[in-house]
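Fold and geometry: a report
As a plain string of letters, each chain reads:
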Amino acid sequence: GGGGGGDGRKVYVGNLAWSVTWQELKDHMRTVGEVLHANILEAPDGRSKGCGIVEFTDAAGARRAMAELSDTELGGRNIFVREDR
C-alpha cells in the first residue's frame with residue numbers, strides 16, 4: 001500500500017509469454033539491479049495476463065531495466081518495460 005507513486009522503483013513488464021513464471025521474470029530483471037519482488041498479473045481463473053510488476057530496491061535498477069531490458073527476449077517473446085503507473 002501507500003501512495004507517492006512508489007518513488008520510481010517499480011516497472012511494468014508487458015508482452016510476457018503465458019508460460020513465464022514470476023521467478024523467471026525476477027531472474028531476468030536481476031541482470032540490471034537488485035529485485036525486491038516480481039509479480040505476474042493473473043486473471044481471476046489463475047491464467048497469466050501476460051504482464052507483470054517488478055519492484056527494485058532502488059530507482060536506478062528500475063531505470064536500467066527500462067533502458068536495457070525493453071525489447072529483450074523472455075520466454076520466446078520480446079518484452080517491454082515501462083514505469084509502473
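Keep in mind that what you see is a predicted model, and the values were worked out from it rather than measured. (Residues numbered from 1 in each chain as written. Predicted model: local features only at pLDDT ≥ 70, side-chain atom pairs only at ≥ 80, totals over all residues. Heavy atoms only, no water.)

Moving on, we get to unusual backbone geometry. Even without being glycine, N15 reaches a positive phi, approximately 65 degrees. Tracing the chain through its elements places N15 in the loop between β1 (10–14) and α1 (22–29). Taking the relative accessible area as the measure of exposure, N15 reaches 29% and is therefore partly exposed. Of note, D71 is a non-glycine position whose phi angle comes to about 70 degrees, a positive value. Note that D71 resides in the loop between α2 (59–68) and β4 (73–74). (Helix = DSSP H or I, 4+ residues; strand = E, 2+ residues; numbered from the N terminus. Buried < 20%, exposed > 50% of the residue type's maximum accessible area, 1.4 Å probe, protein only.)

The next point concerns the packing of aromatic side chains. Where two aromatic rings form a pair, the distance of their centres and the angle of their planes describe that pair. Scanning all chains against the criterion turns up one aromatic pair. One residue, R47, lies across the ring of W18, its end atom 4.2 Å from the ring centre. Its end group placed over the ring of Y12, R82 keeps NZ or CZ at 4.2 Å from the ring centre. (Phe/Tyr/Trp six-rings, centres within 6.5 Å; stacked < 30°, edge-to-face > 60°. Lys NZ or Arg CZ within 6 Å of the ring centre and 35° of its normal.)

Moving on: the sheet that holds strand β6 (residues 80–83). With antiparallel pairing, four strands are arranged side by side in an open sheet as β2-β3-β1-β6. Both outer strands of the open sheet, β2 (35–42) and β6, are each paired with one neighbouring strand and no more. Shown here is a sheet whose adjacent strand axes are inclined to one another by a mean of 25 degrees, direction ignored. Sheet analysis places β1 next to strand β3 (residues 48–56), joined by four bridges and oriented antiparallel. When the bridges of β3 are listed, V11 appears paired with V54. (Pairing = 2+ DSSP bridges. Axes fitted to C-alpha atoms, helices over the stretch in contact; angles between N-to-C directions.)

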